[in-house]
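Spelled out from the first residue to the last, the chains are:
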There are 6 protein chains.
Amino acid sequence: MVYLTRRERFSAAHRLMQPGLSDAENSEMYGPCSNPNWHGHNYELWVTIKGEVKPEYGYVVDLKQVSNLIREKVIDKLDHKNINLEVDFMQDRIASTENLAIAIWEQLESAISKLGVTLHKVRIQETENNSVEYFGEQ
Amino acid sequence: MVYLTRRERFSAAHRLMQPGLSDAENSEMYGPCSNPNWHGHNYELWVTIKGEVKPEYGYVVDLKQVSNLIREKVIDKLDHKNINLEVDFMQDRIASTENLAIAIWEQLESAISKLGVTLHKVRIQETENNSVEYFGEQ
Amino acid sequence: MVYLTRRERFSAAHRLMQPGLSDAENSEMYGPCSNPNWHGHNYELWVTIKGEVKPEYGYVVDLKQVSNLIREKVIDKLDHKNINLEVDFMQDRIASTENLAIAIWEQLESAISKLGVTLHKVRIQETENNSVEYFGEQ
Amino acid sequence: MVYLTRRERFSAAHRLMQPGLSDAENSEMYGPCSNPNWHGHNYELWVTIKGEVKPEYGYVVDLKQVSNLIREKVIDKLDHKNINLEVDFMQDRIASTENLAIAIWEQLESAISKLGVTLHKVRIQETENNSVEYFGEQ
Amino acid sequence: MVYLTRRERFSAAHRLMQPGLSDAENSEMYGPCSNPNWHGHNYELWVTIKGEVKPEYGYVVDLKQVSNLIREKVIDKLDHKNINLEVDFMQDRIASTENLAIAIWEQLESAISKLGVTLHKVRIQETENNSVEYFGEQ
Amino acid sequence: MVYLTRRERFSAAHRLMQPGLSDAENSEMYGPCSNPNWHGHNYELWVTIKGEVKPEYGYVVDLKQVSNLIREKVIDKLDHKNINLEVDFMQDRIASTENLAIAIWEQLESAISKLGVTLHKVRIQETENNSVEYFGEQ
């Protein structure tokens, strides 16, 4: 059983806000992270997959396939986008890094299992000081 | 003569666009960097100062003063902001990293010379692959 | 269940030594790490917290509160200090990275649980080659 | 119980290939990673060990001993070498990062247990985007 | 006048050797860097361009064009290749980082000047400890 | 003319202080950097050398010689030491990063010129936010 991690990156705008609150109330709750004019980040995404090494190939899974899948289902929808306004899988969710990690897990889990391996972890780094990990645990 | 560099960081939203063009025309010119819904980055800023070491202090300049000055004049105006809409010193400029470096130079130059040292370089890293340097050269 | 990690940094002096041994004996045991005139490091500290995402806020816990708590209970006591001589929670412990990780865990555990989340891991990087992790396991 | 990680580095050439296949067939399977003229990487290796802190020493294990052991059993055999042609413990294995992690685990496990601690994880980073972890799980 | 830097990466095999010397003589001169079975690196390449900011566009040059040009003329020829055997612009040169920087400068200089900007610097990082810069100075 | 940079690292304790002042006066001037019980850093040192590529060797200078020279003249005297108390070339100087860069330049300049190349720059990074460069300019 080996764990394989692929990093991808995206740059996006977002804002923390609760839909039912005013800008002033959101500002009180989230501070500058709720700026109504948006702000943004260079997000780094690490997707970890686990599986057995296929003896005839020497790998757990073709990393090119994994990378393509992450790009198609996640990066193309997030890169140079507004997470609150434009990302289908983030609708009806507060645009936090926590929710982003959970949503990316949901985007990837079944597609990755179709490659014969198991999604193990989604990790997102929002800044050099803040990051989040999700293992699919309820 | 010693060169001293201080790094500060800010996260902001922006968009490349020419005011006189439509969204479609801007999109053709700048690609996804012109998304009308914005995107954003974790910008890293390096400010380099040059001066002689003051023998009685052992330093070129009190780095705390430099850091406070950069925060007051630059970071507080950029961090968690929309560069196009909210940053006074970027009004009437396209919100590119090049223009940002020039504008930050203009914000800092005279204030830094009042500390008895010379602003040497402003460097901005927009992503891990792209960065810009400005030395005040016309 | 999401894991949230906050990085903080501190620069400190320390020395590996057993109180009952002479400088020569400590030097034999620990090598240059036991220099009686001290040496120091830029330590990086990662504190990982786990908890459920609060649906109304979109976050596990307000990261600002976590950062303030780490600064108050850990960083302010360690930064620009001598770990052997000046850090109350390191008295009667050898000033190793292992013991530092355990002591920081003890400093943070109950305060973090009062925020309604669980301390999961304390990680300290002493140099780019050496790091330590503690999960509160006996 | 504390986890201690040591990083070491090596630069090596390799090629992904199945011995029974032609160059053309290998190229179809592995793409440029199977270039018959080789390519190479700066590999980074993280070895994680777990154990209890020895109260009289303040450490889990003498890190110098661990580093020497990793260098003797792993780095000296891999650094500035061709993984396919010259590394004894990689004979009869496809020279993938996955197989390298497993083989390094096998090289280190019993030697590390003789130091009175337990090998917990071998992690190899092949590029800044790709890495592999192995915990000795079957 | 603004300086713009683009980073690209390539992984390649190489060997330091003088064509007229035996393997033993080359080994005496270059040590393990001359291993006849090759070794390799993850090279990082920074290309710095200088020019004036075009006021109507806000940039010095379209970075996408620069990146495409570097990929076409440099990266595609080096990535997953053997520098000694397969790279046309390194024929008749010892495969050192110094010569690589000079050769990449020669590959890029006129093509970049056709974009209306000036090539300022080629920087190559071979390992985290070793790097080389070339400014086209004779 | 090519510029070659070698990175080396050292971990040391230091304190900013003027010998003629009391601890209270030094504390007022330098803040926590003047803690009488010391603090410390993981310093990173980049030494840049310039010279012509020797056509028969392919390099500017044998990097191993440069690394050995830096270790002998600089790193061995600084690593795991107290800069104020134990480093001969820092006696009678305030232990600032600026003075350290100048002193390292003086330690290296003539020895490097004996290798037939020219010392171009000494760069020291004290923390991830603060660094200093010295080019031997008066």
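Note: the structure precedes this text.
Notes on the structure follow. (Residues numbered from 1 in each chain as written. Chains lettered and ligands numbered in written order. Predicted model: local features only at pLDDT ≥ 70, side-chain atom pairs only at ≥ 80, totals over all residues. Heavy atoms only, no water.)

## A closer look at the interface of chain B and chain A
Rules: Contact definition: two residues touch when any of their heavy atoms are within 4.5 Å. When two components associate, each loses some accessible surface as probed by a 1.4 Å sphere; the sum of these losses over both components is called the buried area. By definition here, a salt bridge exists when the distance from a side-chain nitrogen of Lys or Arg to a carboxyl oxygen of Asp or Glu is within 4 Å. Here a polar contact is recorded for every N or O atom pair within 3.5 Å, except that within protein the pair must consist of a potential hydrogen donor and a potential acceptor, and residues adjacent in sequence are included only if both atoms are side-chain atoms. Numbering of helices and strands runs from the N terminus, with a helix taken as a DSSP run of H or I at least four residues long and a strand as a DSSP run of E at least two residues long.
In this assembly, 24 residues from chain B lie in contact with 24 residues from chain A. Where chain B abuts chain A, roughly 1,800 Å² becomes buried across the two surfaces, and 43% of that area is made up of carbon and sulfur atoms. On the chain B side of the interface with chain A, the three residues burying the most area are N37, N42 and H80 of chain B, jointly 30% of the side's total. Connecting chain B to chain A are four salt bridges. Here E128 of chain B and R9 of chain A are joined by a salt bridge, their closest N and O atoms 3.4 Å apart. At the boundary of chain B with chain A, the tally comes to 21 residue pairs in polar contact (both at pLDDT 80 or more). Put simply, the parts of the chain that give the side of chain B that touches chain A at least two residues each are β1 (2–14), β2 (39–51), β3 (81–82), α3 (83–86) and β4 (118–127) of chain B.

## Quick notes on the relation of the copies chain B and chain A
Put simply, the test is: The copies were overlaid by least squares, fitting only the C-alpha atoms of residues that reach a pLDDT of 70 or more in each copy.
Of the two same-sequence chains, chain B is brought onto chain A (RMSD 0.0 Å, axial shift 0.0 Å) by a rotation of 180°. Taken together, the rotation and translation relating the two chain copies correspond to the operation of a two-fold axis. The residues that chain B uses at the interface reappear at the interface of chain A in 100% of cases, marking a shared surface.

## A few points about the side chain of S96 of chain E
Counted only if it meets this: Buried residues are those whose accessible area, probed at 1.4 Å on protein chains only, stays under 20% of the maximum for their type, while exposed residues exceed 50% and partly exposed ones sit between those limits.
With respect to the secondary-structure elements, S96 of chain E resides in the loop between α3 (83–86) and α4 (97–113). On the accessibility criterion, S96 of chain E (3% relative accessible area) is buried. A polar side-chain atom of S96 of chain E sits 3.1 Å from the main-chain amide nitrogen of N99 of chain E. Apart from residues lying up to four places away in sequence, S96 of chain E is in contact with L16 and M90 of chain E together with G58 of chain F.

## So, unusual backbone geometry
Even without being glycine, H80 of chain C reaches a positive phi, approximately 60°. Residue H80 of chain C is classed as buried on the basis of its relative accessible area, which comes to 14%.

## A look at the pairing of strand β5 (residues 130–134) of chain C
Moving residue by residue along a regular strand, the side chains alternate between the two faces of the sheet. Applicable threshold: Two strands pair if DSSP finds at least two bridges between them.
Of all the five residues making up β5 of chain C, five are buried; the element is thus mostly covered by neighbouring parts of the structure. By the alternation rule, side chains of β5 of chain C split into N130, V132 and Y134 of chain C and S131 and E133 of chain C, which are all buried. Hairpin connection, strand β4 (residues 118–127) of chain C to β5 of chain C: the antiparallel pair is bridged by two residues. Across five bridges, β5 of chain C lies against strand β1 (residues 2–14) of chain D in antiparallel orientation. Its bridge partner lying in β1 of chain D, S131 of chain C is registered against T5 of chain D.

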